[in-house]
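Summary of structural features
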Amino acid sequence: MISAALFQPFAEAYAAHVGSPARGPELRRELERRLAQLEPWARAYLGLSAVCTRWLFPLLILGRASRFESLDEAAREDLLGRLQCDARLPVRALFFGAKTLALGACYGRADFLAGLGYRLP
Amino acid sequence: MTEERDVVVVGSGAGGAAVAATLAGRGKRVLLVEKGGPAAPLPDAMDAVYRYYAHGGLSASVGNCLLPIPTGTVLGGTTQINSGTCLKTPDETLERWERAGTGAFRADEFRRYLDLAWTKLRVTSAPDATATVSSRLFLKGLERLGVPGGHLLPRAESGCVGSGRCCFVCPTGAKQTSDRAFLLPLGRPDGPELALGTELIDARAADRAGGPVRVALRGPDGRRRNVSCGRLVLACGTLRTPYYARLLKTGLGRAAGAGLSVHPAAKLFALFDERVEGWKGVPQGAGVVDPDDPNIRYEGVYTPPEMAAVTMPLEGLRLRSWLKNYGRVATFGWMIRDESRGRADYPLGADSPLLRYDLGDADLARMRRAMRFAGRTFFAAGARQVVLPFNRSDNVFDSAEALERADLSGLSAAQLQMMAFHPLGTCGMGRVVDENLRLAEGVYVCDGSVIPESLGVNPQITIYAFALRLADHLS
């Protein structure tokens, strides 16, 4: 079972890094809602992407045995930048999966969209 | 118990809906099978992607690049999530198909079906009032560069108010999707019988003695439903139909899955001083063909903010800055008439195609050329910055001069941030199906998979024309 709990610490840290106020139970509910719409294989893929981005990639890319959310601001910036540009497609694909869920939940927020002047149809 | 029908059509996209409705209107007993359900607009674009895109929008090909290929799994198929753009099959392409064939395909005859589809879909140019600021800026840039040919695109629509959500199910129903154009109102007496939430699980071609085609379906309740019919039309889409074509175990069906062309596409983001508010208007309202390379076509595109956060090739603090200013960001895209070919295989069954596609050198060179041209055009229109679609830290440019100086020759396919919206060719006419789209005794194919080459234009009108032609053939 892939639950939002796996994503939440990563999503909160990522949100804070890119300046989104998304956090707490509201973010958790949004992550749950999005995961619930996906087929089991897609949830499994995103779960794997969360595991890799939280634990494996800091070790693999930065050489640090530290979770993503425990990294300082500069290390997060370094890691995210290098993941975005990584030439290895499996790495990019897994990072993209984690990013899709986390940033989708952060930037789908009504307050962010309203701040842009974006009006939902 | 085995049910009997004259025709079973599997898939309700451009090919399936048109052939099913036309045959039903002529008195045939038609069962139209659709795996998805009806579409309804949703406020969150990502929700629409999760619900109506195949595999929650996570379908992609692998190879020397990562290439997401979104298709629709919903009543209306991919026409529910396309941009509505209608461009006729180029004349030279039709002539080439005629020359390559045995005489059954005639260009003049096909043009009549293109016209018929054009009328049925109420194709019209996007009204000037619904053009997005992005489109206006791009056209202005073209004018300043002296590039001719920028124009508003013909679209399948009626009463569009420019909601900016074509790709996430039209919120007003103005876009003429295949179900809207051919099937509504559902359940009408002269329409096909509809089986939603139902999928094809097995098919057997007719024997030469004239026996029926045998079809096994699985309904939404999980029960098996056996149907015997005079004709089976596979219209499940380019990425799914080859699985069933192979299932038939006919000589030509075994070749299905190869020959995949996709129109690799990308877009750039440009920051302006003025408000752009790209969500207002028809996202794909304008286009132009590259002045020096007819294999590159530029077309408008818009990405809602919650999706731009994911698809913009930026990270961290730079992403934060661009999203904060997203109301001033314009976008425009392009697609390549690709020479590269991929293939679809099914080691895990019809639901999980393994797509392989390597972007070749010529197509990669076109991608590099297109991103520079599009960036130059936005700078000519007054852009302050542009982000080119590749994953490298030097992808943001502050001036046209910097863009011209940039060395893009080292860009690899793996670094490009692309998508592909028009998978075609996996059951190509003349290779897997014949010129009447016949695959096996009593079995026909009618979707993007029959288009035998990369078209270079948005393919929906071509697919509708093939469907109307097939309906006449089967009548």
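Attention here is on the structure that accompanies the text. (Residues numbered from 1 in each chain as written. Chains lettered and ligands numbered in written order. Predicted model: local features only at pLDDT ≥ 70, side-chain atom pairs only at ≥ 80, totals over all residues. Heavy atoms only, no water.)

A word on the interface of chain B and chain A
For clarity, the threshold we go by: In what follows, a contact means two residues having at least one pair of non-hydrogen atoms within 4.5 Å. Here the quantity called buried area is the accessible surface, traced with a 1.4 Å probe, that two parts lose on coming together, added over both. Here, a salt bridge means any Lys or Arg side-chain nitrogen found within 4 Å of an Asp or Glu carboxyl oxygen.
Chain B puts 43 residues into the contact, and the matching count from chain A is 41 residues. With both chains or domains summed, chain B and chain A bury close to 3,400 Å², and 62% of this area falls on carbon and sulfur atoms. Its largest share of buried area at the contact with chain A, chain B owes to B:Tyr50, B:Leu58 and B:Glu315, together 21% of the area lost on that side. Between the two partners, chain B and chain A, sit four salt bridges. One salt bridge in this structure joins A:Lys99 and B:Glu315, with 3.0 Å as the shortest N-O distance.

Let's talk about the packing of helix 4 (residues 107–120) of chain B against helix 12 (residues 460–474) of chain B
All names here are of chain B. The condition is simple: Fitted lines through C-alpha atoms serve as axes, helices being fitted only where they are in contact, and the angles separating the N-to-C directions of these axes extend from 0 to 180 degrees. Every helix listed is a DSSP run of H or I at least four residues long, and every strand listed is a run of E at least two residues long, numbered separately from the N terminus. Each angle gets one of four labels, with under 35 degrees taken as roughly parallel, over 145 as roughly antiparallel, 65 to 115 as roughly perpendicular, and the rest as oblique. Helix crossings get a hand from a simple test, with the near helix turned counterclockwise from the far one by less than a right angle marking a left-handed crossing and a clockwise turn marking a right-handed one. Charged residues are taken to be Asp, Glu, Lys and Arg, nonpolar residues to be Ala, Val, Leu, Ile, Met, Phe, Trp, Tyr, Cys and Pro, and polar residues to be all remaining types, Gly included.
Where helix 4 meets helix 12, the closest approach of the two axes is 8 Å, and the angle between their N-to-C directions is 110 degrees. Between helix 4 and helix 12, the angle falls in the class roughly perpendicular. Both helix 4 and helix 12 take part in a crossing whose hand is right-handed. Between helix 4 and helix 12, the contacting residues are Glu109, Phe110, Tyr113, Leu114, Leu116, Ala117 and Trp118 on the first element and Ile461, Thr462, Tyr464, Ala465, Phe466, Leu468, Arg469 and Asp472 on the second. Per-class residue counts for the contact of helix 4 with helix 12 are 11 nonpolar, one polar and three charged.

Concerning unusual backbone geometry
Residues and elements named next belong to chain B. Here the bond from Leu184 into Pro185 is cis, since omega is -5 degrees, no more than 30 degrees from zero. The residue Pro185 is located in the loop between helix 6 (178–182) and strand 8 (193–196) in this model. Although it is not a glycine, His263 sits at a positive phi angle of roughly 50 degrees. Residue placement: His263 occurs in the loop between helix 7 (241–247) and strand 12 (264–271). You will see that Leu437, though not glycine, has its phi angle at about 70 degrees, which is positive. The residue Leu437 is located in the loop between strand 20 (419–420) and strand 21 (438–440) in this model.

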